[in-house]
Amino acid sequence: MKIGNVEVKVSVLSIGVFVIFTIFLLVASVFSSDVRSQLIWLIPGLFLLLVIPVVLNYMSRSEYADIAPVYEAEAKTVRIKLINENMIGKPVRVEGVVEKVRFRFLNRPQFIVADRSGEIAVKMFTNPDEDIHEHDVVEVLGMVIHRYVAVGDPVINCVSIKRIGKKAGPAKER
């Protein structure tokens, strides 16, 4: 779904919650007159289960779109091995291969990106513009943060991840 110039994606989890509560509301309204009398409040509440995630996704994606050019200009290209505690709060650019993708179904994907020097977790708080898969060669723009609020090893809070090359693919055995 596109709102303005921002592509908004609703997570499978949000849709699943909406469907489950819709079924629950339909069944409950058939068997209970108390529920039927409250439908004037329950139906708008049901639709908020879809509207709120869409609005939050729109806000995140539009904010990322606004700050991506700033990161593009300020980020320094670094090797993953060189990312450390001293870089917390600094914008970086990393190029590497996506080794693993997690939490895509929540619209909060986490990528494990590796270059020849090491690997690092790359967290996003919304879906990227492109559909990124394992073995894609990517460029990551983001800020180095702690894995957990104030502690943990450094990870990248990703603002932009772009495919820059063909899939690297696993090595074939001969």
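Relevant structure appears above.
First, a word on scope: everything that follows refers to the structure included in this document. Throughout this description, residue numbers start from 1 for each chain and increase along the sequence as written. Totals for whole chains, interfaces and linings use all residues, but because this is a predicted model, local features are given only for residues with pLDDT of at least 70 and pairs of side-chain atoms are given and counted only at 80 or more. Values shown for side chains rest on all heavy atoms present in the structure; no hydrogens or waters enter the calculation.

So, about the nonpolar core. Nine residue types can take part in a nonpolar core, namely buried Ala, Val, Leu, Ile, Met, Phe, Trp, Tyr and Cys, and a core is a set of them joined through side-chain atoms within 4.5 Å. Type-normalised accessible area, obtained with a 1.4 Å probe on protein chains alone, sets the label of each residue: buried when under 20%, exposed when over 50%, and partly exposed for intermediate values. Judged by nonpolar contacts, the single largest core of 21 residues is most densely connected at Phe111 and Val140. Here a helix means four or more residues in a row that DSSP labels H or I, a strand means two or more in a row labelled E, and each is numbered from the N terminus. Mapped by element, the contributors of at least two residues to this core are strand 4 (91-102), strand 5 (110-115), strand 6 (118-123), strand 7 (137-146) and strand 8 (154-165). Per-element tally for this core: the top contributor is strand 4, with 4 residues. The contact criterion used is simple: two residues touch if any of their non-hydrogen atoms lie within 4.5 Å. Ignoring sequence-local partners within four residues, the contact set of Phe111 consists of Val98, Lys100, Val101, Ile120, Ala121, Val122, Met124, Pro128, Ile132 and Ile161.

Moving on, we come to the pairing of strand 4. Here the rule is simple: two strands pair whenever DSSP picks up at least two bridges between them. Sheet analysis places strand 3 (residues 76-77) next to strand 4, joined by 2 bridges and oriented parallel. Its bridge partner being in strand 4, Thr77 is matched across the sheet by Arg93. Across 7 bridges, the pairing between strand 4 and strand 7 is antiparallel. Residue pairing across strands places Pro91 opposite Met143, the latter belonging to strand 7. Pairing of strand 4 with strand 5, which is carried by 5 bridges, proceeds in the antiparallel orientation. By the bridge assignment, Arg102 is partnered in strand 5 with Gln110.

Moving on to unusual backbone geometry. Phi is positive for His135, which is not a glycine, with a value near 75°. Here His135 falls in the partly exposed class, since its relative accessible area comes to 27%.

From the geometry alone we can't say anything about function, so treat these as descriptive.
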